[in-house]
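# Commentary on secondary and tertiary structure
Here's the letter readout for the chains.
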Amino acid sequence: QIVNGYFVHYFAPSNLKRLPKNVLFVIDHSGSMYGNKIKQTYEAFTKILEEMPPEDFLGILIFDDKVDHWKKSLVRASPENIQKAKEFVKKMSARGGTDINKALLSAVKMLTNATINNSLPATSASMILFLSDGEPTTGTTDHKKIIDNVKRSLEGQAALYCLGFGSGVDYNFLEKLALENGGLARRIYEDSDSALQLQGFYNEVANPMLLDVELQYLENSVDFVTRSSFKHYYQGSEIIVAGRIANNSAETLTAEVKAQGLLQPFSVTVEAEVREEDEVSREQRYIFENFTERLWAYLTIEQLLTQQISAEGEERRHITEKALNLSLKYNFVTPLTSMVVTPPEEQKSEELVANKPSEE
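Description of the structure in this document. (Residues numbered from 1 in each chain as written. Predicted model: local features only at pLDDT ≥ 70, side-chain atom pairs only at ≥ 80, totals over all residues. Heavy atoms only, no water.)

## Topic: the overall build of the protein
A count of helical and extended segments in the protein gives nine helices and 17 strands. Seen along its three principal axes, the alpha-carbon backbone of the protein occupies a region of about 65 × 65 × 40 Å. A burial count over the protein gives 46% of its 360 residues as buried. Long-range pairs, those at least 24 residues apart, make up 70% of the contacts in the protein with a sequence separation of at least 6. Approximately 18,600 Å² of the protein is accessible, and the part contributed by carbon and sulfur atoms is 48%. (Helix = DSSP H or I, 4+ residues; strand = E, 2+ residues; numbered from the N terminus. Buried < 20%, exposed > 50% of the residue type's maximum accessible area, 1.4 Å probe, protein only. Contact = heavy atoms within 4.5 Å. Areas by Shrake-Rupley, 256 points an atom, 1.4 Å probe, with all protein chains shown as cover.)

The structure is reproduced here in structure tokens:
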């Protein structure tokens, strides 16, 4: 979509063959997981394991102040292995402290060994699903050191997804840990549907379709482009890239998408007539006239706020300032801004200000 010099590119291909995936489940079973948390974790993993197709590979590590392996290497998700995996998870009991550093480094070592031994499919998506409800209490407990250790060891060979269970977890730490390693973090709220929340997240990443997706535009044709490279594309998701058209005299906007599919490289070229698209959009008054510009601003702010999590010092200050200026210019309520609510005159007693609550 092209309106008023801004473009939005939506990428959601269909009819692709699913890639096999290699999943390492790293599950906290320290003392704080006692009771309902362990029960719900078992319920969720039972369902997740049942839905794994046989071409996938899996491994399971459970940890407290020690790390226990289900098997020393990743194995194919055959019906027999799935049954044994369920029996292993069922025997989990809550005990001990929480050594997050040792658990994650053990998981990385398993993946590295599997890659060296060529025991995984050549074209496959690797990921670590890490579930914890608390802080590191034994071994290496410094957050920054854990993040550095995992990033240095993993070296981009897999995406790390962190699931924070309950209110006792330091979600900011898990989010930074995930973002530094190509994944994302989610909070699992501790109530009756926690098992469904765990399953729901897994379903989002259960079907990888493409690896190393790159959306490229002709040199000097666009600028201020939002994130345009992605480690994975999952079935049912959508990649969105927005930017500004740099060359006002250009008649067409050309985009090339490159990725790795199951059997061969994926490549497609898309062309849009700049003026024709702009005129059609204006005639239809698509939502409202500056929609694409606002969507570009929204995506840019979102990415800046994500970058802010890992940034430090002067870089963090610069990113924060940029995100704040865009938030104010386009009137977005963000963690950096507030929404002022003015009641009617007859009810006016004080000004109401809504701030986004912080994780702390």
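On we go from here.
## Brief notes about the pattern of salt bridges
Here the structure, examined in full by the defined rule, presents 19 salt bridges. Where Arg18 meets Asp56, a salt bridge forms, and the shortest distance between an N and an O atom there is 2.8 Å. Placement of the pair is Arg18 in the loop between β2 (6-11) and β3 (21-28) and Asp56 in the loop between α1 (36-50) and β4 (57-63), with a sequence separation of 38 residues. Using a relative accessible area of 19% as the deciding quantity, one classes Arg18 as buried. (Salt bridge = Lys/Arg side-chain N within 4 Å of Asp/Glu carboxyl O.)

## Regarding helix α3 (residues 100-116)
Here α3 spans 24 Å end to end across 17 residues, near enough to the 24 Å set by a 1.5 Å rise per residue. Along α3, the residues classified as buried are Ile100, Asn101, Ala103, Leu104, Ser106, Ala107, Val108, Met110, Leu111 and Ala114. Measuring from the side-chain oxygen of the N-cap residue of α3 to the backbone nitrogen of Lys102 gives 3.1 Å; that N-cap residue is Asp99. (Expected span 1.5 Å × (residues − 1). Polar contact = N/O pair within 3.5 Å; in protein donor to acceptor, adjacent residues only side chain to side chain.)

## Side note on the pairing of β2
Across the six residues of β2, five count as buried, placing the element largely inside the fold. Judged from the two bridges that link them, strand β1 (residues 2-3) and β2 form a sheet pairing that is antiparallel. When the sheet's bridge partners are listed, Val3 is paired in β2 with Tyr6. The turn linking β1 back onto β2 is made up of two residues, and Asn4 within it adopts a positive phi angle of 50 degrees. By the bridge criterion, six bridges tie β2 to strand β13 (residues 239-245) in an arrangement that is antiparallel. Residue pairing for β13: Val8 is matched across the bridge by Ala242. (Pairing = 2+ DSSP bridges.)

## Let's talk about the nonpolar core
Within the largest apolar cluster, 36 residues are counted, with the highest numbers of intra-cluster contacts made by Phe25, Ile27, Met52, Leu58, Ile60, Leu129 and Tyr161. Ranked by residues supplied to this core, first place goes to α1 with five residues. Contacts of Ile60, omitting those with residues within four sequence positions, involve Leu24, Phe25, Ile27, Asp68, His69, Trp70, Ala85, Phe88 and Val89. Grouped together as the second largest cluster of nonpolar side chains are 32 residues, Ile100, Ala107, Phe130 and Val150 included. (Core = buried A, V, L, I, M, F, W, Y, C linked by side-chain atoms within 4.5 Å.)

## What about the sheet that holds β1?
One open sheet accounts for four strands, arranged β1-β2-β13-β11; its pairing is antiparallel. Whereas interior strands pair on both sides, the edge strands pair on one side only; in this sheet they are β1 and β11 (222-223). Sheet strands touched by helix α8 (residues 291-310): β1, β2 and β13. Its angle to β2, the strand with the most contacts, is close to 70 degrees. (Axes fitted to C-alpha atoms, helices over the stretch in contact; angles between N-to-C directions.)

## Considering unusual backbone geometry
Among all residues except glycine, the phi angle is most often negative; among peptide bonds, the trans geometry is most common. Phi angles above zero are rare outside glycine, and Asn220 is one such case at about 70 degrees. When you line up the elements, Asn220 lands in the loop between β10 (208-217) and β11. Look at Asn220 and you get exposed, because its relative accessible area is 64%.

## Side note on the packing of α1 against helix α6 (residues 194-204)
Running from N to C, α1 and α6 point in directions that differ by 35 degrees, and their axes come no closer than 8 Å. Considering the relative orientation of α1 and α6, their crossing is right-handed. Between α1 and α6, the contacting residues are Gln40, Thr41, Glu43, Ala44, Lys47 and Ile48 on the first element and Ser194, Ala195, Leu198, Gln199 and Tyr202 on the second. Each residue belonging to the contact of α1 with α6 can be placed in one class, and the counts come to five nonpolar, four polar and two charged. (Left-handed = near helix turned anticlockwise from the far one by under 90°. Nonpolar A, V, L, I, M, F, W, Y, C, P; charged D, E, K, R; others polar.)

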